[in-house]
Amino acid sequence: MPTYCDPCPGKRNAHFAIRIYLLLKVSPIINGTAAGICITSVGAITFLFASFIAVSQSDSKRVLAYSTISTLALIVMCAGVGTYNAAWSALLLIIFHAVAKSLLFLCVGVIDHKIESRDIENMDFLIMRMPKVAAMMNIGIAGMFLAPFGMVISKAVTLKALVDIHPILGVALAFGGGATMFFYAKWMGKTLMIKPAIENKEHAISLWEWVTLVGLSFLTLAVCLLFPLISSRLVDPYIYAVYGVSPPLEKTTLILIVMLMAPVTVFLAVHSEGLVVFIFGPAYGPAVVLVRIAIWAGLMLVVDQMLSISMIAAERQKADLAALAVGALVTVAGMYVLISAYGVTGASAGLLLGTSSLLAARVILYRRKVGPVSPPALLWRTVAAGVV
């Protein structure tokens, strides 16, 4: 795979993911058997070796290739373990890894074409030479090893599933994950180095390249925001059908995502103007208003999720339906009125209005069912709900 030169990284990842998925289909059968132990051992050894080989590479495509091998080996480990927690985390690893790694492969291809090098050592000051591409590539890198992206949450669940079988598997994941964090952090740091008076080389990138890169960047962010929905709608039904139980860690992982996203959202909202102007240029200054509206809408959704998960299950379902109904109606009505008058800005304002209505409805329902909304009490209830 490190020397495999397919121009369609998404297609290649899909081919490997299908083979791994077929192995996951038989994982309940091999749980606890000699075949399962053998598969887990091979996966652990491959994961460690591929992770440490990736650290020694400077060619970016080789780094991505060995990183892909290590992630697939981790999924094979989960398949060999065969428990429902391992299967749940493995399926989510497939989803998150395919999206983020496709974005990274395409970014490296564009960078190689423009600066005539794919060596990581030659990507210094990339944020100055190709600011938009560098920003999108760092979204992909963050999706591979930083919170609150799904890879980190999935690996946390994987760690518990492996340690429950044997502690040595947890040690293998810790050492391999440490190597992964090392080379991705190094790569991110080199691209974010700043030096004035450097030529911008993004002018020759075609429209279709932009469409693909921007689409995959938004998809990487979307799978992070929609992590609970992906789990509950796509993965949990399969796990329940095969194992007869639903993963009990979903509520805890949701709380972890919410608590990690809140400070990130506040930081982006405060520094959105500087980030937009720096990455896209002064011409995109008016778009700062739209970015801030979207970010504050996301922060309201974070608070809404904290209110939701602090309720008991029976009350939560009714409250979710009521709050979503109010938010959807206000959003549709607001966009209908505002788009005709203000265009894209009106659409963003309608989204913010609908999100505000959703949060207001949730707060009213929370006060009726639980009590006054106190931030310390809300945080305590949220953590307690995850522990219970």
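Scoring rules and cut-offs
- The residue numbers shown here count from 1 along each chain, following its written sequence.
- Whole-chain, interface and lining totals are the exception, using all residues; otherwise, since this is a predicted model, local features are given only for residues with pLDDT of at least 70 and side-chain atom pairs are given and counted only at 80 or more.
- With hydrogens and water set aside, each side-chain value is computed from the structure's full complement of heavy atoms.
- Starting at the N terminus, helices and strands are each numbered in turn, a helix being any DSSP run of H or I of at least four residues and a strand any DSSP run of E of at least two.
- Relative accessibility thresholds used throughout: buried, under 20% of the residue-type maximum; exposed, over 50%; partly exposed, between the two (1.4 Å probe, protein chains only).
- In this analysis, two residues are considered to be in contact whenever any of their non-hydrogen atoms come within 4.5 Å of each other.
- pLDDT is a per-residue confidence score from the predictor, ranging from 0 to 100.
- Here a salt bridge means any side-chain nitrogen of Lys or Arg lying within 4 Å of a carboxyl oxygen belonging to Asp or Glu.

Quick word on the side chain of Ser70
Phase 1: With respect to the helices and strands, the residue Ser70 is situated in helix H4 (residues 60-81).
Phase 2: Judged by relative accessible area, Ser70 falls into the buried class, the value being 2%.
Phase 3: Once residues within four sequence positions are removed from consideration, Ser70 is found in contact with Phe47, Ala50 and Ser51.

Brief notes about the confidence of the model for the protein
Phase 1: Averaged over all residues, the pLDDT of the protein equals 78, while 70% of them reach at least 70.
Phase 2: Per-residue pLDDT stays below 50 along residues 3-7; that stretch engages in 3 contacts with residues further than four places along the chain or on separate chains.
Phase 3: Note that pLDDT drops below 50 for residues 382-388; the model gives that stretch 12 contacts with residues more than four away or on any other chain.

Describing the pattern of salt bridges
Close approach of charged atoms lets side chains of opposite charge pair.
Phase 1: Applying the stated criterion across every chain yields a total of 6 salt bridges.
Phase 2: Notably, a salt bridge pairs Lys190 with Glu121, separated by 3.5 Å at the nearest N-O pair. Within this pair, whereas Lys190 is found in helix H9 (residues 167-191), its partner Glu121 is found in the loop between helix H5 (84-115) and helix H6 (126-129), the two being separated by 69 residues in sequence.
Phase 3: Between Lys132 and Glu202 there is a salt bridge whose closest N-O contact spans 3.8 Å. Here the residue Lys132 occupies a position in helix H7 (residues 131-145), and Glu202 occupies one in the loop between H9 and helix H10 (207-225), the gap between them amounting to 70 residues. The two residues Lys132 and Glu202 agree in class, both being buried.
Phase 4: Three or more residues are tied together by salt bridges with common partners; here these are Glu121, Asp124, Lys186 and Lys190.

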